[in-house]
Amino acid sequence: MIEMVKMNDGNRIPDLGLGTWMIPDEKAADVVVQALKLGYRHLDTAQAYGNEVGVGKGIFMSGIPREEIFVTTKVGAEHKTYEAAAASIQESLDKLGLNYIDLMIIHSPQPWQEWRASDKNFDQGNLEAWRALEDAHKAGKIKSIGVSNFQREDIENILSHGTIRPAVNQILAHIGNIPFDLVEYCESQDILIEAYSPIAHGQALGNETIKAMADKYGVTIAQLCIKYVLQLDMIALPKTENPEHMHSNMQVDFTISREDMETLNKIRFTDYGEYSKFPVFSGK
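Residues numbered from 1 in each chain as written. Predicted model: local features only at pLDDT ≥ 70, side-chain atom pairs only at ≥ 80, totals over all residues. Heavy atoms only, no water.

### What to know about the UniProt feature "active site" (unreviewed entry) in the protein
- In the numbering used here, UniProt assigns the "active site" (unreviewed entry) feature to Y49.
- Within the secondary structure, Y49 sits in the loop between β4 (42-44) and α2 (52-62).
- Since its relative accessible area comes to 19%, Y49 is described here as buried.
- Once you skip the residues sitting within four places of it in the chain, Y49 turns out to touch T20, W21, D44, K74 and H107. (UniProt positions renumbered as here; feature names shortened; annotations may be inferred. Helix = DSSP H or I, 4+ residues; strand = E, 2+ residues; numbered from the N terminus. Buried < 20%, exposed > 50% of the residue type's maximum accessible area, 1.4 Å probe, protein only. Contact = heavy atoms within 4.5 Å.)

Here is the structure:
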């Protein structure tokens, strides 16, 4: 059921990938091997995850040709100079053990400790990181480049001063928390939205309205959540280490009706429990 989606640079990306946040480096190889065995061809990691080495080992151990696997990683949010970003790009290539990366994105417009800070301007720092990505792209080290957690003004900064349009904006997006204005803006700029935590980092599993809707379709809550973002024309990046969940998450051969999509669009919840300590779940 995994389909290929064309990005604005002409490259294609699988619409369902495996997120690897919080998967320890020592476990990542086995998780990746299992995912690729089940049919996944899109792996999403990041410098901040600390598991690029394991992800790279898993790719090698799988025996699957490199060109069949789409690999995404992210420039650390703290790298806001050209030199730091460029060095980190090469470090990611070395850790992954790859000659090229399919997609590399700026992880956040602000360093994590200054997430959504309104009293500081990181425009120039993002342009420096973007220039490093553009140069790596021109050198053939990266096939596509993009951003993550960027708001409209952050994207406009790149569009106004960069030479390559971001291919994607990877954001927190799930039933109950879709930034529709940002999504509409990205669509108007031909920037593909990737949805990380499409199951709300597990918090959707306890939502009774979502559960009732999943029961109606005879699917799991996770399957409903993944299908929801896919029907919004987003790339879905659910994270799991469980092979059964990996397999189940791929089984989304059903269609949510227009009326039910409208119902799901109206749900609002942003309580991530113990995970609210992380910047992306803080509500800022």
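Moving on, there is more to tell.
### Some points on the nonpolar core
- Counting residues in hydrophobic clusters, the biggest one holds 80 residues, and the most contacted among them are L133, I210, L224, Y228 and M234.
- With 8 residues, helix α8 (residues 221-231) is the largest single contributor of residues to this core.
- If you look at the next biggest cluster of nonpolar residues, it comprises 10 residues, including M7, L103, A167 and I235. (Core = buried A, V, L, I, M, F, W, Y, C linked by side-chain atoms within 4.5 Å.)

### What to know about the layout of surface pockets
- The space that makes up the largest pocket amounts to roughly 720 Å³.
- Lining the largest pocket are 32 residues; nearest its centre among them are W21, S197, H201, P238 and K239.
- No other element matches the 3 residues that helix α9 (residues 243-249) contributes to the lining of the largest pocket.
- When its residues are assigned to classes, the lining of the largest pocket shows 15 nonpolar, 14 polar and 3 charged.
- Approximately 340 Å³ is the volume found for the second largest pocket. (1 Å grid on protein atoms, 1.4 Å probe; cavity = no way out; pocket = protein on both sides within 12 Å on 5 of 7 lines; lining within 4 Å. Points joined across faces, edges and corners; volume = space filled by probe spheres on them. Nonpolar A, V, L, I, M, F, W, Y, C, P; charged D, E, K, R; others polar.)

### Topic: the pairing of strand β5 (residues 70-75)
- Where burial is concerned, most of β5 is hidden: 6 out of the 6 residues are buried.
- Pairing of β4 with β5, which is carried by 3 bridges, proceeds in the parallel orientation. Each residue of the ladder has a partner; that of H42, found in β5, is F70.
- In this region the chain leaves β4, passes through α2 and returns to the parallel neighbour β5; the handedness of that crossover is right-handed. (Pairing = 2+ DSSP bridges. Right-handed = clockwise from strand over helix to strand, strands pointing away.)

### Quick look at the UniProt feature "domain: NADP-dependent oxidoreductase" (unreviewed entry) in the protein
- Taking the numbering used here, the UniProt-annotated feature "domain: NADP-dependent oxidoreductase" (unreviewed entry) corresponds to residues 16-267.
- Secondary structure content for residues 16-267 is 44% helix and 15% strand, while the C-alpha to C-alpha distance between its ends is 23 Å.

### Focus on the packing of aromatic side chains
- Under the criterion given, the structure shown has 6 aromatic pairs.
- An angle of 40° between the planes, with centres 6.0 Å apart, marks the rings of Y217 and F254 as tilted. Here Y217, found in helix α7 (residues 208-217), pairs with F254, found in the loop between α9 and α10 (258-265); they are 37 residues apart in sequence, far enough to count as distant.
- On the accessibility criterion, F254 (14% relative accessible area) is buried.
- Members of the aromatic cluster, joined through ring pairs, are W21, Y272, Y275, F278 and F281. (Phe/Tyr/Trp six-rings, centres within 6.5 Å; stacked < 30°, edge-to-face > 60°.)

### Some remarks on the environment of Y275
- Its location among the elements puts Y275 in the segment after α10.
- Distance in space between the C-alpha atoms of Y275 and L264 is 23 Å, their sequence separation being 11 residues.
- Those residues in contact with Y275 that lie beyond four places of it in its chain are M22, H201, Q203 and F281.

### Concerning the sheet that holds strand β8 (residues 168-172)
- Read across the sheet, 8 strands follow the order β3-β4-β5-β6-β7-β8-β9-β10 without closing on themselves; strand pairing throughout is parallel. Because the sheet does not close on itself, it has two edges, and the strands there are β3 (18-19) and β10 (235-237).

### Re unusual backbone geometry
- Despite not being glycine, R116 shows a phi value in the positive range, around 60°.
- By the secondary structure assignment, R116 is in the loop between β6 (101-106) and α4 (123-138).
- Phi is positive for D233, which is not a glycine, with a value near 65°.
- Position of D233 relative to the elements: it lies in the loop between α8 and β10.
- On the accessibility criterion, D233 (59% relative accessible area) is exposed.

### Considerations on the side chain of E194
- Checked against the element boundaries, E194 lands in strand β9 (residues 192-196).
- Buried and unpaired, E194 has K74 as its nearest opposite-charge partner, separated by 7.1 Å.
- Side chain to side chain, E194 and Q170 meet in a polar contact 3.1 Å long.
- Once you skip the residues sitting within four places of it in the chain, E194 turns out to touch I13, H42, L103, I105, V168, N169, Q170, I171, I235 and L237. (Lys, Arg positive; Asp, Glu negative; His and termini not counted. Salt bridge = Lys/Arg side-chain N within 4 Å of Asp/Glu carboxyl O. Polar contact = N/O pair within 3.5 Å; in protein donor to acceptor, adjacent residues only side chain to side chain.)

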